[in-house]
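# Examining the three-dimensional arrangement
Spelled out, the chains give:
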Amino acid sequence: MTTRRLPGARPEPPAAIRPAAPPPLDGDTRAERAAANAGLPTVEFAEATPYEAYVGVRQLQALVRTVTDHPAEPAFLVVTQVMELWFTLLRREWELAQRQLRADDLDGAVASIRRSVHHLRSLDASWGSLLWLTPAEFNGFRDSLGEASGFQSYEYRDVEFLLGLKAESVVRPHRGLPVVHADLQRALAGPSLEDDVLAYLARRGLPVPAAVLARDRSVPHEPDPAVTGLWADVYRDPRPANELFALGEALTDVAEVFTTWRQRHVTAVRRAMGAKPGSGGSAGLVWLERSAARVVFPDLWAARTTV
Ligand code: HEM
């Protein structure tokens, strides 16, 4: 039996932890079943329901394995896991947008990026389930998490790298997991979403400097006056029919909501642990504030000053 998957670069998880896909069903068969069921849902299944086969609820539940009995810990773990899934979905959407840009499918790429903005808003909304966490409650289970920290999230690093926030130092913690480490090294050296946008704009004849197209992709993107000027020109025509304006706005939405997520993380940390040092070895709040201040798509923001 084959499993359907969204297009993405990562290998499938091992079969042992992957639920079997349900058998496909076409529209005619669905109509026949609805008629035979007199309009009611099917309730007889010989084995686990097709829903279980598709979603893998038991696998998901097995992953909610708290390390304490503290009543606040399940929410902390589940919200973290849910956010990991949003990171995975964002990575897939942006990798798809990259492939669409490489195929000169601008409409497809803008649709993927716009979809990702909705995912980002849901990711951001997930903070709502954690903002009640007081220092005393966090202290109730924090020690049991040992050195585990979101700093070690490799899906988050993929998301950052796709947004051009590159840093070799954040790849290093994953040397012990060779598949992930190799993947992250590739992502570090590879093009960000912005690199693919600029290559696309250059193919359309816009004046993207050759030095920008050939820049070292493993370091953070700095604003470039020519690229800022190019976006400023695009933004002088803010009509929906201007498809490059639509692209710029979709990317700006991504930058804005991702930045909001990072700022709300800082607030959640301030509420839950104040200025104590982090579990991952950093100074905590001060370090996070500095990290969250890095700008996504700096040329798109700089362009606004010159329009
Ligand atoms: C209120 C609960 C949380 C607290 C107190 C907290 C605390 C921290 C601290 C102190 C750091 C700095 C690194 C270190 O540990 O030394 C950090 C980094 C990080 N945390 Fe959290 N965190 C919380 C919730 C979450 C959640 C739910 C996620 C979702 C996956 C998350 C993802 C991250 C990421 C991705 C980083 C790295 C940020 C960067 O490199 O800029 N955190 N966290």
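Our structure's up above, just so we're on the same page.
Rules used in this analysis
- Residues numbered from 1 in each chain as written.
- Predicted model: local features only at pLDDT ≥ 70, side-chain atom pairs only at ≥ 80, totals over all residues.
- Heavy atoms only, no water.
- Helix = DSSP H or I, 4+ residues; strand = E, 2+ residues; numbered from the N terminus.
- Buried < 20%, exposed > 50% of the residue type's maximum accessible area, 1.4 Å probe, protein only.
- Contact = heavy atoms within 4.5 Å.
- Lys, Arg positive; Asp, Glu negative; His and termini not counted.
- Charge placed at Lys NZ, Arg CZ, Asp CG, Glu CD.
- Donors = N, O, S within 2.8 Å, 3.2 Å for Na, K, Ca; no water.
- Near = heavy atom within 4 Å.
- Polar contact = N/O pair within 3.5 Å; in protein donor to acceptor, adjacent residues only side chain to side chain.
- Nonpolar A, V, L, I, M, F, W, Y, C, P; charged D, E, K, R; others polar.
- Phe/Tyr/Trp six-rings, centres within 6.5 Å; stacked < 30°, edge-to-face > 60°.
- Lys NZ or Arg CZ within 6 Å of the ring centre and 35° of its normal.
- Axes fitted to C-alpha atoms, helices over the stretch in contact; angles between N-to-C directions.
- Parallel < 35°, antiparallel > 145°, perpendicular 65-115°, else oblique.
- Left-handed = near helix turned anticlockwise from the far one by under 90°.
- Core = buried A, V, L, I, M, F, W, Y, C linked by side-chain atoms within 4.5 Å.

### Section: the overall build of the protein chain
- Looking only at helices and strands, the protein chain has 14 helices and zero strands in total.
- Secondary structure of the protein chain in N-to-C order comes out as α-α-α-α-α-α-α-α-α-α-α-α-α-α.
- For the protein chain, the spread of C-alpha atoms along the three principal axes comes to 65 × 55 × 35 Å.
- Expressed as a percentage of its 307 residues, the buried residues of the protein chain come to 38%.
- When contacts within the protein chain are restricted to residue pairs at least 6 apart in sequence, those whose partners lie at least 24 apart make up 70%.
- The positive charge centre, built from 35 side chains, and the negative charge centre, built from 38, are 3 Å apart in the protein chain.

### Considering the coordination of the iron atom of the ligand
- Exactly one donor from the protein chain reaches the iron atom of the ligand: His 265 (NE2), at 2.2 Å.
- Structurally, the position occupied by His 265 is in helix α12 (residues 243-273).

### So, the site of the ligand
- Lining the immediate surroundings of the ligand are 27 residues, of which Ser 149, His 265, Gly 280, Ser 282 and Ser 291 lie closest.
- Note that an oxygen atom of the ligand is positioned 3.4 Å from one of the backbone N or O atoms of Ser 279.
- Between the ligand and Gly 280 there is a distance of 2.8 Å, counted from an oxygen atom to a backbone nitrogen or oxygen.
- Of all the elements in the fold, those that place two or more residues in the shell around the ligand are α4 (73-102), α7 (154-162), α12 and α13 (285-292).
- By residue number, the principal contributor to the shell around the ligand is α12, which donates five residues.
- Residues belonging to the shell around the ligand are distributed by class as follows: 15 nonpolar, eleven polar and one charged.

### Re the packing of aromatic side chains
- On inspection of all chains with the given rule, the structure shows ten aromatic pairs.
- Seen in terms of ring centroids, Phe 76 and Phe 138 are 5.8 Å apart; in terms of plane orientation they differ by 45°. Their pairing is tilted. Of the two residues, Phe 76 sits in helix α4 while Phe 138 sits in helix α6 (residues 135-142), which places them 62 residues apart along the sequence.
- Ring centres of Phe 138 and Phe 141 lie 5.6 Å apart, and the angle between their planes is 75°; on these two criteria the pair is classed as edge-to-face. Taken together, the residues Phe 138 and Phe 141, both in helix α6 and three residues apart, mark about one turn of the helix. Accessibility assignment for this pair places Phe 138 and Phe 141 in one class, buried.
- An aromatic cluster is built from Phe 87, Trp 127, Tyr 156, Phe 258 and Trp 261, whose rings are joined through pairwise contacts.
- For Arg 157, the ring lying beneath its charged end belongs to Phe 151, and the centroid distance is 4.8 Å.

### Side note on the side chain of Asp 299
- By the element assignment, Asp 299 lies in helix α14 (residues 298-306).
- Every residue in contact with Asp 299, bar those within four places of it in the chain, is listed here: Glu 194, Glu 222, Pro 223, Asp 224, Val 227, Thr 228 and Trp 231.

### Section: the packing of α12 against α14
- Between α12 and α14, whose axes approach to 9 Å, the crossing angle comes to 115°. In terms of orientation, α12 lies roughly perpendicular with respect to α14. Read as a crossing pair, α12 and α14 show a hand that is left-handed. Residues Gly 248, Glu 249, Leu 251, Thr 252, Ala 255 and Glu 256 of α12 form the contact with α14, whose own contacting residues are Leu 300, Trp 301 and Arg 304.
- Here the residues of the contact of α12 with α14 sort into four nonpolar, two polar and three charged.

### Here we look at the nonpolar core
- Trp 94, Leu 201, Trp 231, Leu 247, Leu 251 and Phe 297 are the most contacted members of the largest nonpolar core, which has 49 residues in total.
- Where this core is concerned, the elements lending two or more residues are α4, α5 (106-125), α7, α9 (193-203), α11 (225-235), α12 and α14.
- Not counting residues up to four positions away in its chain, the partners in contact with Leu 251 are Ile 113, Leu 193, Val 197, Trp 231, Phe 297 and Leu 300.
- Core analysis: the next-biggest nonpolar cluster, separate from the first, contains eleven residues, Phe 138, Phe 141, Leu 288 and Ala 292 among them.

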